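These are the residues of each chain, in order.
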Amino acid sequence: LTNHLEHPSLRCRGGRARAVFNCYDNEMSAIFRCYAASDRRVGTMAAHRLKTMSVAEFVYMLSDGEILGQEVSVLQAGAMFSQVCALCQGDASESEINADEFRFLIARLCQVISDGIYTLDPFEVVLAEWMASVFVPTFMKLVELQNKGLMRVEIVGSKDSVPV
């Protein structure tokens, strides 16, 4: 994974991949807010924690969306998170990402998932198709269920978690 730090998916700030995320701005914000608030263990509910996502919350999100284990391992998820922290913040030891950095992380996730797929399409086309057909529908359904109170988005073992 470390040799992919220069992949176009990690340089989407000024490129066409950034435009793909702009099309899904409301959905990305809703997904980020939902999962950034999923770690409710003691000491993690400070106001700033609701504006950032930890690696545990990212791994939980992937598990919730049934991406973890099927398409991405826990090790890959952690490596992606560290790479995005290193690229965006200059420090791979950072333990939190903000909503803008979340976009880079999702681009990296798409790149890792699509690595084994042969296509002549540019990355932003692959990203747009994956966002429209997989990521947004999957996670917006989970966000809607959580908003309706039909499920709780909380890391298992959290102090306040209650099975639904």
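Residues numbered from 1 in each chain as written. Predicted model: local features only at pLDDT ≥ 70, side-chain atom pairs only at ≥ 80, totals over all residues. Heavy atoms only, no water.

### Side note on the layout of surface pockets
Considering only enclosed or pocket space, the largest pocket measures out at about 160 Å³ in volume. Around the largest pocket, the lining residues are C110, I113, S114, I117, T119, D121, V126, E129, W130, S133 and V134. Of all the elements in the fold, those that place two or more residues in the lining of the largest pocket are α5 (99-114) and α6 (123-147). For the lining of the largest pocket, the leading source of residues is α6, giving 5 residues. (1 Å grid on protein atoms, 1.4 Å probe; cavity = no way out; pocket = protein on both sides within 12 Å on 5 of 7 lines; lining within 4 Å. Points joined across faces, edges and corners; volume = space filled by probe spheres on them. Helix = DSSP H or I, 4+ residues; strand = E, 2+ residues; numbered from the N terminus.)

### Quick notes on the packing of aromatic side chains
Taken as a whole and assessed by the stated rule, the structure comprises 6 aromatic pairs. Between Y35 and Y60 the ring centres are 6.1 Å apart and the planes differ by 50 degrees, which places this aromatic pair in the tilted class. Placement of the pair is Y35 in helix α2 (residues 25-36) and Y60 in helix α3 (residues 55-64), with a sequence separation of 25 residues. With centroids separated by 6.3 Å and ring planes inclined at 35 degrees, the aromatic side chains of F58 and F81 adopt a geometry described as tilted. Of this pair, F58 sits in helix α3 while F81 sits in helix α4 (residues 74-89), and the two are 23 residues apart along the sequence. Like F58, the residue F81 is buried in the burial classification. The structure contains a cluster of three or more aromatic residues connected by ring pairs, namely Y35, Y60, W130, F135 and F139. (Phe/Tyr/Trp six-rings, centres within 6.5 Å; stacked < 30°, edge-to-face > 60°. Buried < 20%, exposed > 50% of the residue type's maximum accessible area, 1.4 Å probe, protein only.)

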